[in-house]
2 protein chains.
Amino acid sequence: MKLTFDSIIELAQRGKRMKLAVASAQDSHVLAAVETAHKIGIADAILVGNRVKIEKLAVENGISLDGLEIINEEEGEKSALKAVEMVHFGEADMYMKGLMETKAFLKTVLDKNVGLRTDRLMSHIAVFDIPGYDRLLSMSDVAFIPYPTLDEKRQIIDNCVGVAKACGVAMPKVAVLSSIETVNPKMPCTIEAAELARMNEEGIIKDCIVDGPLSFDLATAPEAALHKNASGRKIVGDADILIFPDIQAGNITYKCMSHMVNHRSGCILTGTKAPTILTSRSDDMETKVNSIALAAVVAQQNNNNK
Amino acid sequence: MKLTFDSIIELAQRGKRMKLAVASAQDSHVLAAVETAHKIGIADAILVGNRVKIEKLAVENGISLDGLEIINEEEGEKSALKAVEMVHFGEADMYMKGLMETKAFLKTVLDKNVGLRTDRLMSHIAVFDIPGYDRLLSMSDVAFIPYPTLDEKRQIIDNCVGVAKACGVAMPKVAVLSSIETVNPKMPCTIEAAELARMNEEGIIKDCIVDGPLSFDLATAPEAALHKNASGRKIVGDADILIFPDIQAGNITYKCMSHMVNHRSGCILTGTKAPTILTSRSDDMETKVNSIALAAVVAQQNNNNK
């Protein structure tokens, strides 16, 4: 059976209810998403921010705050530090950006005393549910790491595999993308792709099947894989995870998918102590709720592994 | 009125009938596309190759060769050199790959004596007609130039502008893509994008409007441009041409578009003495005919400029 975003939401609903700490929660779109997430039973929430503004926005936009905790902290940075501290000390399980600049938000994620840094690489993952594609399709890194080194790509794969497992994919197929399907010494990303596949064969990259270099069609289109006579390959149009050469290729493809392809999606920051949500204003309500659901299943997995 | 691939086909039909020289024409898919192009009045053709095989394939696949010229030359390389020579000397206006490896075909394009090289950069252009996007959308370079320098990007833009004009776009908008919309000194492609925009303002890059760096959504999605408050930009979701940082970003996005987005498309090699078609086996019949139509309008323009 195909895993979809409904499957992720169901997983989140079935597991232990996780708690979200929101930094500078006085944002109507974020409040609406948190209300929905709470209502459908995928997350509890603590709203840290300007209580008066939060309550005013709720009234103005018909948002019910029933069952949501509010902590009043009017100053932006302090509000974020308060929220992230609760996640740091395990009083909350996920961290979410409200009305503040991404840069200021990330500063709190990286805070030495109360932040969410671990010894793992922090990376971004976007998960797509595309009608016509027979599985969830994750993409990384499309937003956070500009030009990952080979070792950073290895860690990006580790992070993605963790998320895929949390979503119910037992042995995800990881396609390391490039413009071509063979190693070309003049294209460093093809050498790295082959090296990542080798590291997987030698057991250095675990719990997944890595193949590369692969073109986008060989990775995601079974009929193209047939045409190209891809026998002997481990991935023939059935990738679960796409790893990009760099943020340029990743971000442009991600935005193409987001704007040109019918889909549902969600994304989180991973490699952190707890899954972190920094959706942008241009994301619609559904995407924000999907991102909370994605964070919730990852938080549940973290919880189970403790 | 929106320009579509039907507009391109109509342009080709209205103009002077151009002649296609096909190298190693004994390929049923290529023959079928050439038959259609001839039948709908967008191109005449000279089929160079193994006459017996060509005629056998025609019978087997119900393809009519009426009105198509055949030149018998059984040996592959010789056949291609004969075909490209006819284009070189103006006996034909477009050059197309039949049953042969791309590498061997390109060797004939580059042949010093009878090839199609000019003092311009050779580059690839893919033209998409996407329902929901209000204009034709061209992408370059997604297949030919691995890591274009700034000057090569300038020439890629020139080549694309020529094709856009041939398709009826008077003043094309050229978006130089990147993951972000501002110059970041750590991302060379953003610096180059800003430089290309400056070269356009100074009149070094002519007959078009260049803006960059631009993210894919700012370039192609008007509603995203609104969200991001892109006032003051020259392109707000209305790009005609997308220029990619490198072949990795270009090819992966191109394949994503080709396989995930409902579209019609065609592509040619440009910067050559005459437009050159090297569709791949996995391209469907319609894409092959579209590519011939695209080559025909470019050839007509070349003809008018003589």
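Scroll up for the structure.
Our subject in this report is the structure included herewith. (Residues numbered from 1 in each chain as written. Chains lettered and ligands numbered in written order. Predicted model: local features only at pLDDT ≥ 70, side-chain atom pairs only at ≥ 80, totals over all residues. Heavy atoms only, no water.)

### A few points about the overall build of chain A
So, step 1. Check the secondary structure of chain A and you find eleven helices and eleven strands.
So, step 2. Relative to a compact globule of 306 residues, whose C-alpha radius of gyration would be 19 Å, chain A shows 20 Å and is just as compact.
So, step 3. Projected onto the principal axes, the alpha-carbon positions of chain A cover approximately 60 × 40 × 35 Å.
So, step 4. In chain A, the proportion of contacts linking residues at least 24 apart, taken out of those at least 6 apart, comes to 72%.
So, step 5. For chain A, the computed accessible surface area is about 12,300 Å², with 51% contributed by carbon and sulfur atoms.
So, step 6. Charge separation in chain A, taken as the distance between the mean sites of 34 positive and 40 negative side-chain charges, equals 2 Å. (Helix = DSSP H or I, 4+ residues; strand = E, 2+ residues; numbered from the N terminus. Rg over C-alpha atoms; globule rule 2.2 N^0.38 Å. Contact = heavy atoms within 4.5 Å. Areas by Shrake-Rupley, 256 points an atom, 1.4 Å probe, with all protein chains shown as cover. Lys, Arg positive; Asp, Glu negative; His and termini not counted. Charge placed at Lys NZ, Arg CZ, Asp CG, Glu CD.)

### Points about helix α5 (residues 102-109) of chain A
All names here are of chain A.
So, step 1. Of all the residues in α5, the buried ones are Phe105, Leu106, Thr108 and Val109. End-on view of α5: buried residues confined to an arc of 155 degrees, all on one side of the axis. For α5, the exposed residues lying more than 90 degrees away from the buried face are Lys103 and Lys107. (Buried < 20%, exposed > 50% of the residue type's maximum accessible area, 1.4 Å probe, protein only. Arc of directions from axis to C-beta.)

### Some points on the interface of chain A and chain B
So, step 1. Counting from both sides, the interface comprises 38 residues of chain A and, opposite them, 38 residues of chain B.
So, step 2. Where chain A abuts chain B, roughly 2,800 Å² becomes buried across the two surfaces, and 72% of that area is made up of carbon and sulfur atoms.
So, step 3. Inspection of the chain A/chain B interface yields two salt bridges.
So, step 4. Among the ionic pairs, Asp217 of chain A bridges to Lys255 of chain B, the shortest N-O distance being 3.7 Å.
So, step 5. Elements with a contribution of two residues or more to the side of chain A that touches chain B: α7 (188-201), α8 (216-220), α9 (222-227) and α10 (247-260) of chain A.
So, step 6. The element contributing the most residues to the side of chain A that touches chain B is α10 of chain A, with eleven residues.
So, step 7. Considering only residue class, the side of chain A that touches chain B consists of 21 nonpolar, ten polar and seven charged. (Buried area = accessible area lost by both parts, 1.4 Å probe. Salt bridge = Lys/Arg side-chain N within 4 Å of Asp/Glu carboxyl O. Nonpolar A, V, L, I, M, F, W, Y, C, P; charged D, E, K, R; others polar.)

### Let's talk about empty space enclosed by the protein
So, step 1. Per the counting criterion, the structure on display carries two cavities of 30 Å³ or more.
So, step 2. Taken as a whole, the largest cavity encloses approximately 60 Å³ of empty space.
So, step 3. Residue lining of the largest cavity: Val127, Leu136, Ser138, Val163, Ala164, Cys167, Val169, Asp240 and Ile241 of chain A, and that is the complete set.
So, step 4. By residue class, the composition of the lining of the largest cavity is seven nonpolar, one polar and one charged.
So, step 5. Forming the walls of the second largest cavity are Val127, Leu136, Ser138, Ala164, Cys167, Val169, Asp240 and Ile241 of chain B.
So, step 6. Looking at the lining of the second largest cavity, its residues break down into six nonpolar, one polar and one charged. (1 Å grid on protein atoms, 1.4 Å probe; cavity = no way out; pocket = protein on both sides within 12 Å on 5 of 7 lines; lining within 4 Å. Points joined across faces, edges and corners; volume = space filled by probe spheres on them.)

### Brief notes about the pairing of strand β1 (residues 18-23) of chain A
Along any regular strand, the residues point their side chains to alternate faces of the sheet.
Residue and element names in this part refer to chain A.
So, step 1. The buried fraction of β1 amounts to five of the six residues, a majority that puts the element mostly inside the structure.
So, step 2. Note that β1 and strand β2 (residues 43-49) share five bridges and pair parallel. Its bridge partner being in β2, Ala21 is matched across the sheet by Ile46.
So, step 3. Note on the crossover from β1 through helix α2 (residues 28-39) to β2: the handedness is right-handed.
So, step 4. Relative to strand β4 (residues 94-97), β1 is paired through four bridges, and the arrangement is parallel. In the sheet register, Ala23 faces β4, and the bridge partner there is Lys97. (Pairing = 2+ DSSP bridges. Right-handed = clockwise from strand over helix to strand, strands pointing away.)

### Thoughts on the environment of Ala21 of chain A
All names here are of chain A.
So, step 1. With respect to the helices and strands, the residue Ala21 is situated in strand β1.
So, step 2. The class of Ala21 is buried, set by a relative accessible area of 0%.
So, step 3. Those residues in contact with Ala21, other than ones at most four positions away along the chain, are Ile46, Ala83, Val87, Ala92, Met94, Tyr95 and Met96.

### Examining helix α4 (residues 76-88) of chain B
Residues and elements named next belong to chain B.
So, step 1. Spanning 13 residues, α4 covers 18 Å between terminal C-alpha atoms, matching the ideal 18 Å at 1.5 Å per step.
So, step 2. Along α4, the residues classified as buried are Ser79, Ala80, Ala83, Val84, Met86 and Val87. For α4, the angular spread of the buried residues around the axis is 150 degrees, confining them to a single face.
So, step 3. Tucked into the core, α4 has its buried residues touching β1 (18-23), β2 (43-49), β3 (69-72), β4 (94-97) and α5 (102-109).
So, step 4. Measuring from the side-chain oxygen of the N-cap residue of α4 to the backbone nitrogen of Glu77 gives 3.4 Å; that N-cap residue is Glu75.
So, step 5. Positive backbone phi, at 80 degrees, marks Gly90, one or two positions downstream of α4. (Expected span 1.5 Å × (residues − 1). Polar contact = N/O pair within 3.5 Å; in protein donor to acceptor, adjacent residues only side chain to side chain.)

### Focus: unusual backbone geometry
So, step 1. Cis geometry marks the peptide bond from Ser140 of chain A to Asp141 of chain A; its omega dihedral reads -10 degrees.
So, step 2. A cis amide bond links Gly212 of chain B with the next residue in sequence, Pro213 of chain B, at an omega value of 0 degrees.
So, step 3. Mapped onto the fold, Pro213 of chain B is located in strand β8 (residues 209-214).
So, step 4. The phi torsion at Ser24 of chain B lies on the positive side, around 50 degrees, for a residue other than glycine.
So, step 5. By secondary structure assignment, the location of Ser24 of chain B is in the loop between β1 and α2 (28-39).

### Describing the side chain of Asp240 of chain B
Residue and element names in this part refer to chain B.
So, step 1. With respect to the helices and strands, Asp240 occurs in the loop between α9 (222-227) and β9 (241-243).
So, step 2. With relative accessibility at 5%, the residue Asp240 sits in the buried group.
So, step 3. Within the structure, the side chain of Asp240 is placed 3.3 Å from the side chain of Arg135, a separation counted as a polar contact.
So, step 4. Of note is the side chain of Asp240, whose polar atom sits 2.7 Å from the backbone nitrogen of Lys173.
So, step 5. Ignoring any residue separated from it by four or fewer positions in sequence, one finds Asp240 in contact with Arg135, Leu136, Leu137, Ser138, Val169, Met171, Pro172 and Lys173.

### Some words on the packing of α4 of chain B against α5 of chain B
Residue and element names in this part refer to chain B.
So, step 1. Running from amino to carboxyl end, α4 crosses α5 at an angle of 40 degrees, the nearest separation of the two axes being 9 Å. Accordingly, the angle class assigned to the pair α4 and α5 is oblique. Of the two elements, α4 crosses α5, and the hand of that crossing is right-handed. For the pair α4 and α5, the contacting residues are Glu77, Ala80, Leu81 and Val84 in the first and Lys107, Thr108 and Val109 in the second.
So, step 2. Grouping the amino acids of the contact of α4 with α5 by side-chain chemistry returns four nonpolar, one polar and two charged. (Axes fitted to C-alpha atoms, helices over the stretch in contact; angles between N-to-C directions. Parallel < 35°, antiparallel > 145°, perpendicular 65-115°, else oblique. Left-handed = near helix turned anticlockwise from the far one by under 90°.)

### Description of the packing of aromatic side chains
Think of a pair of aromatic rings as described by two things: how far the centres are apart, and how the planes are tilted against each other in angle.
Residues and elements named next belong to chain A.
So, step 1. Enumeration over the complete set of coordinates arrives at four aromatic pairs over all chains.
So, step 2. Measuring from ring centre to ring centre gives 4.6 Å for Tyr95 and Phe105, while their planes differ by 20 degrees; the resulting arrangement is stacked. Remark: Phe105 occurs in helix α5 and Tyr95 occurs in strand β4; sequence separation between them is ten residues.
So, step 3. Residue Tyr95 is classed as buried on the basis of its relative accessible area, which comes to 0%.
So, step 4. Exposure remark for Phe105: the relative accessible area of 0% places this residue in the buried category.
So, step 5. Note on Phe128 and Tyr254: the rings are 5.9 Å apart at their centroids and 80 degrees apart in plane angle, and the pair reads as edge-to-face. (Phe/Tyr/Trp six-rings, centres within 6.5 Å; stacked < 30°, edge-to-face > 60°.)

Remember that the coordinates give geometry; whether it matters functionally is a separate question.
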